[in-house]
Amino acid sequence: MPSRLTVSRTLAALTLLPLLALAAPRPAKPTGAPSLPSKQYTLEQLMETTDVFGASFSPDEKRVLFTSNETGIFNVFSAPVTGGEPTQLTRSTTDATLAVSYFPRDERVLFSRDQAGNEMTHLYVLTPDGQEQDLTPGAGNRASFHGWSHDGSAFYVLSSERDPRYQDLYRYDAKTYARTLLFQNDGYKVGAVSPDEKWLALEKAHTTADSDVHLYNVATKELKHLTPHQGIASWRVATFDPASSALYLLTNEGSEFTRAVRHMLATGKREDVEKADWDVMYLTLSKKGTLRVTGINEHGRAVIRVTDTKTGKPLALPKLPEGGITDVVIARGEKRLAFYVNGDRSPANLYVYDLATKKATRLTDTLSPAIDANDLVVSEVVHFQASDGLRIPGILFKPHQATAEKKAPAIVWAQGGPGDQTYRGYLSFIQYLVHHGYVVLAVNNRGSSGYGKTYFTADDQKHGREPLRDCVEAKGYLTGLPYVDGARVGILGASYGGYMVLAALAFHPDAFNVGVDVFGPSDWVSLLKDLPPHQEAFRDVLYQEMGNPETQEDMLRAISPLFHAEKIRKPLLVIQGANDPRVKKAQSDAIVQAVRKNKVPVDYLVLPDDGHGFGSKKSEAESTERIRTFLDEHLKAPPAAPAAPATPAE
């Protein structure tokens, strides 16, 4: 359910080496006995932290393109690979503008933009003289970039202009922008285009856990099913090899965790290429195929392997600040890598690693200069046992100032999805709450990705029941910690996590003291009946996961908090984007109105210029301040002692 600019970027995820020592910005102290923060930070100081993502090398490989919200709104920036002040290339003051790619042969830039979070994204070109051109016009069009041709003479675009339910694939000439239809889509997800442009690898989802890959012949329009299988198995597309002779796939068929396999197009022969005791999240190859990069989800942290495909040996990477390495991009010349490092006490920073000189350079410094990293906290991976015996993982954040003598209030963080995972790494909103004295436990309840196929499917059509109980029982784990005040525990979540908040207050009304719902659905019946057109291809998959509103309406009403709002008795804060196309404002309007009838304190914040997430720092700051004020009022203060019995009059 989350989108690229959802709350997962700022409120935690919802929709994750021996050479040169690098100095991290404001390094944290060695682990040891906890110490109090050196000072109390204001929201404004913490909000100076910058979000950055995406990477594309310029044609001469001397600069890297990326997205930053340094200005308060996401815009496109470019930085020298040797380090130095980034250059701002776009100057939107209203709509999030996201970097896509440099052109391979000149300094033009592709970027994307929607309008106030409506998710009707268009693809634009920016010329060196600052001129912008919409390459995918049309009020009802939803378009996205899908990669460059192997020789850089063309690029591929997905567009819904023909049918709002599906995205067709077009080939755009890089010089003239003249385009050719490569594939008219009727319900597939386009995975990859072969370098010789003869083949398309397509994905077809049956459920959230079961999917297939098909091979499409561009010339004959023939479709071949590559992955027939029995039982539940996920098959996804990774990439073609440069010779267009092999297709790399990701699958968990026959195993709990996803591995990478190579499928030879001529013979159909397959062999395992990469596997681990965790999920292989992605695999990519350099332009010539000499480097292979594999990302592995290791207990909520991204770990990468870089392999020399000629020798089969791993490539040594520089010593980096502690954290996960994400978004690895290989330059077309195969001499540089760009990637992000995201640690608990430092937001994601963009690095470039020169394979020849063995030198890594940090291009961004995203932590607010007002903040001492020592005052932030390092997360801890924990587990607790659910009442049915299942082992539930979570990520725990403990304030420095919380002790057995000074017990702290606590928050259960319900992650998004369904089927997402809370990753370790810098989560600005959680750090803000923890800095101000709240213990936070992010629960990766059953149904979360990253812990194997069985765990991932354990929530199917059980929403509002077993997965919710995992979050409720997380309170018991928190209460058992010596530094947590078990009488002051709330629940907070975004998107699907927002639903979990409402469900917890409705179906377990005595479990939590307060709830904070951010962009969460309250009524599954209306949400599933009224999906946005661009989710039409995913409709059956959602029905398999949640339930079919046409045939299972009673079940969906039973798990929808709106129809049980009279049971909600604890204070509630609801935050909603006015332009949200996924969880429409009517959902939040209805639950707020229903709970207010109970004479329960309800605070309601509507963000007029946002959709399913925050498009600006202004919205993020306003929401963060509202949440903390609400929690301080209803949760932080110790509960009032019961009144003493009246003394009988003499």
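Description of the structure in this document. This is a predicted model, so every value here is computed, not measured.

Focus: the overall build of the protein chain
Thought 1: Each helix and strand counted, the protein chain has 10 helices and 35 strands in total.
Thought 2: Its C-alpha radius of gyration of 25 Å places the protein chain within 12% of the 26 Å reference for a compact globule of 650 residues.
Thought 3: In terms of principal-axis extent, the alpha carbons of the protein chain reach across some 100 × 60 × 50 Å.
Thought 4: Counting over 650 residues, the protein chain shows a buried share of 59%.

A closer look at a positive patch on the surface
Thought 1: A contiguous patch of positive charge on the surface is contributed by Arg105, Lys175, Lys287, Lys288, Lys310, Arg332 and Lys335.
Thought 2: Within the secondary structure, Lys175 sits in the loop between β11 (168–173) and β12 (179–183).

As for the sheet that holds strand β29 (residues 391–397)
Thought 1: What the 8 strands build is an open sheet, ordered β28-β29-β31-β30-β32-β33-β34-β35; its pairing is mixed. Looking along the sheet, the strands with just one partner apiece sit at the ends: β28 (380–385) and β35 (602–607). Between one strand axis and the next, the sheet turns through 20 degrees on average, direction left out of account.
Thought 2: Relative to strand β33 (residues 515–518), strand β32 (residues 484–494) runs parallel, the two being bridged by 4 bridges. By the bridge assignment, Ala494 is partnered in β33 with Val518.
Thought 3: Helix-sheet contacts for helix α5 (residues 496–507) involve β30 (408–414), β32, β33 and β34 (572–577), and the interaxial angle to β32 is about 135 degrees.
Thought 4: Strands β34 and β35 of the sheet are contacted by helix α9 (residues 585–596), whose axis makes an angle of about 165 degrees with β35.

What to know about the pattern of salt bridges
Thought 1: Under the defined criterion, the tally for this structure stands at 24 salt bridges.
Thought 2: One salt bridge in this structure joins Asp530 and Lys584, with 2.9 Å as the shortest N-O distance. With Asp530 in the loop between α6 (524–529) and α7 (539–546) and Lys584 in the loop between β34 and α9, this residue pair connects regions lying 54 residues apart in the sequence.
Thought 3: Residue classification places Lys584 among the partly exposed positions, given a relative accessible area of 34%.

Side note on unusual backbone geometry
Thought 1: Cis peptide bonds are those with omega within 30 degrees of zero, and the linkage from Gly417 to Pro418 qualifies with 0 degrees.
Thought 2: Following the sequence through the fold, Pro418 ends up in the loop between β30 and α2 (428–435).
Thought 3: Here Glu61, not a glycine, exhibits a phi torsion of approximately 60 degrees, which is positive.
Thought 4: Here the phi dihedral of His299 falls at roughly 50 degrees; this positive angle occurs in a residue that is not glycine.
Thought 5: Mapped onto the fold, His299 is located in the loop between β22 (291–297) and β23 (302–308).
Thought 6: Note on His299: relative accessible area 15%, which makes it buried.

Quick notes on the sheet that holds strand β16 (residues 223–225)
Thought 1: Taken in spatial order, the 4 strands line up as β13-β14-β15-β16 in an open sheet, and their pairing is antiparallel. Every other strand in the sheet has two partners, leaving β13 (189–193) and β16 as the edge strands with one partner each. Across the sheet, the axes of successive neighbouring strands diverge by a mean angle of 30 degrees, strand direction being ignored.
Thought 2: Bridging between β13 and strand β14 (residues 199–205) involves 4 bridges; their strand directions are antiparallel. In the strand pairing of β14, Val190 is matched with Leu202.

As for α2
Thought 1: For α2, a buried count of 8 out of 8 residues is recorded, marking the element as mostly surrounded by other parts of the structure.
Thought 2: Those residues of α2 not exposed but buried are Ser428, Phe429, Ile430, Gln431, Tyr432, Leu433, Val434 and His435.
Thought 3: Buried residues along α2 sit against α1 (43–46), β29, β30, β31 (439–443), β32 and α10 (617–636).
Thought 4: Once α2 ends, the next one or two residues include Gly437, with phi positive near 100 degrees.

Topic: the nonpolar core
Thought 1: Val412, Leu478 and Trp524 are the most contacted members of the largest nonpolar core, which has 45 residues in total.
Thought 2: The greatest single-element share of this core, amounting to 6 residues, is contributed by α5.
Thought 3: Counting residues in each nonpolar core, the second largest holds 28 residues, with Leu492, Val518, Leu605 and Phe614 among its members.

Observations regarding the packing of α2 against α10
Thought 1: Interaxial distance between α2 and α10 falls to 11 Å at its minimum, and their mutual angle equals 35 degrees. When you trace α2 past α10, the crossing you get is right-handed. Residues Ser428, Phe429, Tyr432 and Leu433 of α2 form the contact with α10, whose participating residues are Glu620, Thr624, Glu625, Ile627, Arg628 and Leu631.
Thought 2: Tallied by class, the residues present in the contact of α2 with α10 amount to 5 nonpolar, 2 polar and 3 charged.

Criteria and cut-off values
Residues numbered from 1 in each chain as written. Predicted model: local features only at pLDDT ≥ 70, side-chain atom pairs only at ≥ 80, totals over all residues. Heavy atoms only, no water. Helix = DSSP H or I, 4+ residues; strand = E, 2+ residues; numbered from the N terminus. Rg over C-alpha atoms; globule rule 2.2 N^0.38 Å. Buried < 20%, exposed > 50% of the residue type's maximum accessible area, 1.4 Å probe, protein only. Patch = residues over 30% accessible without salt bridge, like charges linked within 9 Å, V, L, I, M, F, W, Y side chains within 5 Å. Areas by Shrake-Rupley, 256 points an atom, 1.4 Å probe, with all protein chains shown as cover. Salt bridge = Lys/Arg side-chain N within 4 Å of Asp/Glu carboxyl O. Lys, Arg positive; Asp, Glu negative; His and termini not counted. Charge placed at Lys NZ, Arg CZ, Asp CG, Glu CD. Pairing = 2+ DSSP bridges. Axes fitted to C-alpha atoms, helices over the stretch in contact; angles between N-to-C directions. Contact = heavy atoms within 4.5 Å. Core = buried A, V, L, I, M, F, W, Y, C linked by side-chain atoms within 4.5 Å. Left-handed = near helix turned anticlockwise from the far one by under 90°. Nonpolar A, V, L, I, M, F, W, Y, C, P; charged D, E, K, R; others polar.

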